[in-house]
Amino acid sequence: MSEETKGRILARRAQLVAAALTAACEPAAKPAPCLETIAIPAASDAGELEASPDIAPVPCLEMTAPPPDAGAPDASPPKPKPDAGAKPQPCLKPVSPNVCLYMR
Amino acid sequence: MDRPRVLLIWPGALYGGGGNFGVPQLLSIAGAIRASTSATVDVIDLDIERVMGRSLRDQLDAYDLVGISCYSSYDYLKVVEIARIVREKLPKAWIVTGGYHASARPSDFEDPIDFVCVGDGERPMARLVSMLESGKRPLLRELPQEPTPHPDEHPPYDWELLAKYKPFARRAASQAEIYLSRGCPYDCAFCMERAKRDTSWRALDPERAIEEMHRLDRFLDLSSWTLFIADALFGMKDKWRKQFLEGLARKPVRARKVWLLIRLDLIDREDLRLMAKANMAPGFGLESGDPAHLRRIRKAGKLDSYLDKMLEVAQWAREENVPFGANIIVGHPGETEQSMRTSAAYMRKLFLDPRGTNGFLSVDPFRLYPGSPIEQERETWERDTGMKVHRWPWWMDGDQEFLSEWVDASRELDYRKTNQLRRELFDPIVKEVQGRFAYQGVARDYFMRAVDEQVELVAPRRMLHQLGMWHLWKELTDDPAPRTDPELAEIARMRREEILTFPCSERVRAALLEVPRESFVRAEDVADSAEDRALALTDDGKSTISALHAYAMAFDALELSEGDDLVELGSGSGYGVAVARAVVGPNGSVRGFEIVPELAKWANVTCADAHDVSLWRGAKKVSVGFALEAVPDAWIEALAPGGKIVAPVGSPQTLTLFEKTEAGVRTSTLGEVRYVRDRASA
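Summarised in this report is the structure supplied together with it. (Residues numbered from 1 in each chain as written. Chains lettered and ligands numbered in written order. Predicted model: local features only at pLDDT ≥ 70, side-chain atom pairs only at ≥ 80, totals over all residues. Heavy atoms only, no water.)

Along the backbone of chain B there are 25 helices and 25 strands. Expressed as lengths along the three principal axes of its C-alpha atoms, the size of chain B is roughly 95 × 65 × 50 Å. Burial status across chain B gives 63% buried among its 682 residues. By element, 49% of the accessible surface of chain B is carried by carbon and sulfur atoms, the whole surface being about 24900 Å². (Helix = DSSP H or I, 4+ residues; strand = E, 2+ residues; numbered from the N terminus. Buried < 20%, exposed > 50% of the residue type's maximum accessible area, 1.4 Å probe, protein only. Areas by Shrake-Rupley, 256 points an atom, 1.4 Å probe, with all protein chains shown as cover.)

Inspection of every chain in the model, using the stated rule, returns 76 salt bridges over all chains. The partner of D111 of chain B in a salt bridge is R141 of chain B, and the shortest N-O contact between them spans 3.7 Å. With D111 of chain B in the loop between α4 (100-104) and β6 (115-117) and R141 of chain B in the loop between α5 (122-134) and α6 (166-172), this pair connects stretches of sequence that are 30 residues apart. By relative accessible area, R141 of chain B is classed as partly exposed at 32%. With a closest N to O distance of 3.5 Å, R666 of chain B and E659 of chain B form a salt bridge. Its relative accessible area of 48% is what places R666 of chain B among the partly exposed residues. Take E659 of chain B: its relative accessible area is 16%, and that puts it in the buried class. The structure contains a network of salt bridges with shared partners spanning E4 and R8 of chain A together with E475, R483 and E524 of chain B. (Salt bridge = Lys/Arg side-chain N within 4 Å of Asp/Glu carboxyl O.)

All names here are of chain A. For A18, the position within the fold is in helix α1 (residues 3-25). Relative accessible area serves as the criterion here: at 36%, A18 is assigned to the partly exposed category. Linking A18 and S96, residues 78 residues apart in sequence, is a C-alpha distance of 26 Å.

What follows is about unusual backbone geometry. Residue and element names in this part refer to chain B. Residue P112 is reached from D111 by a cis peptide bond, and omega for that bond is 10°. Relative to the elements of secondary structure, P112 occurs in the loop between α4 and β6. Residues other than glycine seldom take positive phi values, yet N279 does so here, at roughly 60°. By the element assignment, N279 lies in the loop between α9 (269-277) and β12 (280-287). We note that D478 has phi near 65°; this positive angle belongs to a residue other than glycine. Structurally, D478 is set in the loop between α19 (460-476) and α20 (486-499). D478 gets classed as partly exposed once you look at its relative accessible area, which sits at 46%.

Next up on the list: helix α22 (residues 548-557) of chain B. Counting buried positions along α22 of chain B gives 8 out of 10 residues, so the element sits mostly inside the fold. A positive backbone phi angle near 50° is found at E559 of chain B, which sits one or two residues after α22 of chain B.

Here we take up the sheet that holds β12 of chain B. All names here are of chain B. Spatially, β2-β7-β10-β11-β12-β13-β14 is the arrangement adopted by the 7 strands of the open sheet, whose pairing is parallel. Only two strands of the sheet have a single partner each, and these edge strands are β2 (19-21) and β14 (359-365). Strand after strand, the sheet turns through a mean of 25° between neighbouring axes, direction not considered. Note: strand β7 (residues 173-178) against strand β10 (residues 226-229), 4 bridges, orientation parallel. Considered in β10, the bridge of E177 is made with F228. (Pairing = 2+ DSSP bridges. Axes fitted to C-alpha atoms, helices over the stretch in contact; angles between N-to-C directions.)

Turning to the packing of helix α12 (residues 337-351) of chain B against helix α16 (residues 415-425) of chain B, a few remarks are in order. The description of two packed helices rests on the angle between their axes and on the distance between the axes. Residue and element names in this part refer to chain B. Orientation of α12 relative to α16, taken along the N-to-C sense of each, is 25°, at an axis distance of 11 Å. One element, α12, and the other, α16, form an angle in the roughly parallel class. As for the relative orientation of α12 and α16, their crossing is right-handed in sense. Listed contacts from α16 to E337, M340, R341, A344 and R348 of α12 are K417, T418, L421, R422, E424 and L425. The class makeup of the residues in the contact of α12 with α16 is 4 nonpolar, 1 polar and 6 charged. (Parallel < 35°, antiparallel > 145°, perpendicular 65-115°, else oblique. Left-handed = near helix turned anticlockwise from the far one by under 90°. Contact = heavy atoms within 4.5 Å. Nonpolar A, V, L, I, M, F, W, Y, C, P; charged D, E, K, R; others polar.)

Quick look at the packing of aromatic side chains now. All names here are of chain B. Scanning the entire structure with this criterion turns up 29 aromatic pairs over all chains. On the basis of an interplanar angle of 65° and a centroid distance of 6.0 Å, the ring pair of W259 and F447 is categorised as edge-to-face. Pair noted here: W259 is in strand β11 (residues 257-261) and F447 is in helix α18 (residues 444-457), with a separation of 188 residues, a long-range link. On the basis of relative accessible area, F447 is assigned to the buried category, the value being 0%. Aromatic side chains F402 and W406 sit 5.4 Å apart centroid to centroid with 35° between the ring planes, which places their arrangement in the tilted category. Given the relative accessible area of 6%, F402 is considered buried. Taking the relative accessible area as the measure of exposure, W406 reaches 2% and is therefore buried. (Phe/Tyr/Trp six-rings, centres within 6.5 Å; stacked < 30°, edge-to-face > 60°.)

Just geometry here; none of it tells us what the structure is for.
See the structure below:
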């Protein structure tokens with residue numbers, strides 16, 4: 001197995017760990033600059049998507065909101081704030097009865 | 001050490017997305033520790049913490065011992081990462097883990113995890129804390145096993161340990177959890193229960209079990225909750241079960257519904273009647289509708305009458321108005337096409353009764369769990385059935401959900417064939433159940449959600465995700481499969497059909513539908529290839545394949561149509577060229593230019609800098625796939641008279657159409673966009 005492939009496998013692992021833990025274990029981070037070639041809805045939103053010149057661009061993990069007519073879902077989960085204790089986020093998806101004990 | 005401080009952490013669900021409240025296993029351990037030591041114990045549920053927006057780091061304050069639950073193998077990477085954070089903040093604290101995975105694979109855990117608790121946690125954890133008190137550190141990482149012979153020996157669940165979560169609980173979860181027993185002595189081949197070592201069934205006294213449920217009800221007010229008795233096997237002993245059900249029927253808790261898992265061959269009609277009175281509903285691990293396959297799975301018991309019993313129970317459930325669920329495992333080692341067809345025929349009989357059904361069918365893929373009998377006897381299973389596990393140990397990788405399922409069931413059925421048969425045989429059944437689910441009682445929405453989730457699991461988006469993962473991991477394990485895969489093409493097209501709802505010309509829409517975008521993305525993105533969003537083509541993210549609607553906007557702005565000649569600057573992997581070719585047809589032409597050599601090769605276009613206008617001088621229609629500060633004059637000059645360029649320009653970027661007319665350049669803006677920047681000027 002090549003070093004490149006090993007690197008790709010490790011990247012998959014890192015992605016899973018980040019997805020699982022970022023919100024819970026780390027203070028909310030500034031979203032990585034996003035290089036989406038998508039239309040954005042309004043000028044006022046554009047600033048949030050701009051990459052700072054001192055930050056190296058990375059492949060996009062934070063999805064930006066597409067225009068309302070683009071038909072694409074907004075994949076970005078709401079980011080909890082470190083001091084958001086008094087204002088909880090809305091409820092997660094309600095659960096359904098599960099017949100499998102280990103995959104939940 | 002006086003009054004050591006202990007913290008127990010539940011790392012939260014990853015795939016189920018949380019939704020359950022309670023962590024009763026940690027409360028039981030907390031009770032055992034407090035009963036026999038001077039320690040103070042705190043419990044953290046990261047599912048709830050997440051909703052509260054709190055950081056774990058900020059709560060790691062002066063603890064002497066931290067326990068992290070590794071309930072299932074899907075938790076493994078999280079637990080290791082949490083342990084790393086704990087060690088960073090609390091260098092001297094003892095860190096211990098336990099749970100199903102830890103019990104099955106204690107050797108998976110190294111520094112910074114100091115100790116692993118195998119099997120029941122209460123006694124070993126209490127002993128560990130008392131050693132902490134006395135300053136004696138255990139010599140071995142794996143703590144001596146000490147099963148709980150009688151759960152009644154432990155104090156009642158102290159729900160007050162979760163009092164801090166009460167204001168948030170209903171926002172984070174809709175179902176509370178409780179344990180009333182532990183252990184399951186059956187020997188089903190796939191099951192992880194055996195990892196806990198002591199498999200004997202041990203329950204709280206029925207009266208105490210009922211009282212524990214009422215204590216939880218008093219703490220949380222269950223009237224807007226469902227309650228899950230999360231025992232591996234509810235009520236194995238007939239006398240216990242009847243006593244418990246009768247007691248709860250007399251004095252039910254306020255929960256909308258109480259959900260439990262029980263073996264089909266244990267219950268009788270009286271159980272169903274009592275469950276109806278106690279507002280309970282059972283889930284059955286049916287596993288298969290093929291008797292021969294059930295024997296292979298070691299679904300021990302009275303197999304001759306097992307499947308007839310399920311039909312009978314479904315009838316009772318209808319008559320008693322009790323909802324139920326049953327699952328089958330598709331692709332269990334030894335599965336064959338014949339066993340799947342036999343099983344599907346039975347499921348049709350069970351669930352597609354013309355009178356409707358009170359049950360939902362959960363079609364689950366086989367997953368190889370560590371600690372299961374199959375894992376322990378893997379060589380035998382491989383030899384006897386041809387089972388092949390493609391990635392092991394899967395829990396140490398990302399994509400655990402796919403990798404745990406990536407198993408060939410037999411010589412006859414590889415992973416892909418199993419899934420094709422599943423689509424053919426079982427997907428129509430779960431879709432039909434959606435229209436036939438007849439239960440109309442309390443908490444119908446809770447059960448209907450399970451029915452709907454099954455339908456969602458067979459939707460094109462999910463199927464494409466699964467196939468995308470397969471292609472990715474084939475490549476990552478040095479056995480790449482061609483993207484010209486008819487099933488992949490069919491499913492990706494089905495997904496695009498759902499996605500292509502934005503306004504665009506019919507001709508462009510047809511091209512976007514037909515061109516296999518999955519062939520123009522990196523293996524990492526095949527699963528998302530039909531989504532309407534940009535995907536990176538290079539590690540640095542400076543080249544992307546644009547979102548579907550971006551091509552539609554550009555090509556429609558150019559009024560691209562049959563017979564046109566198009567130049568595309570910044571072709572990436574060649575997707576835009578392919579879509580444009582489909583639009584212009586055989587009488588038109590499309591030339592692409594790409595500056596990155598690897599991408600130009602992939603796209604089969606000219607590797608060149610778009611700024612070299614000698615390459616495309618005289619073009620009539622030009623589409624630019626990267627952002628410019630402004631379109632250079634030389635580009636306008638290079639256009640044929642009447643020619644057009646569409647490009648993202650300025651900051652913020654605006655997709656702009658430039659038309660070269662006799663009177664000069666006419667510009668029209670089409671909206672704000674965000675494209676990757678021009679590499680040549682970067």
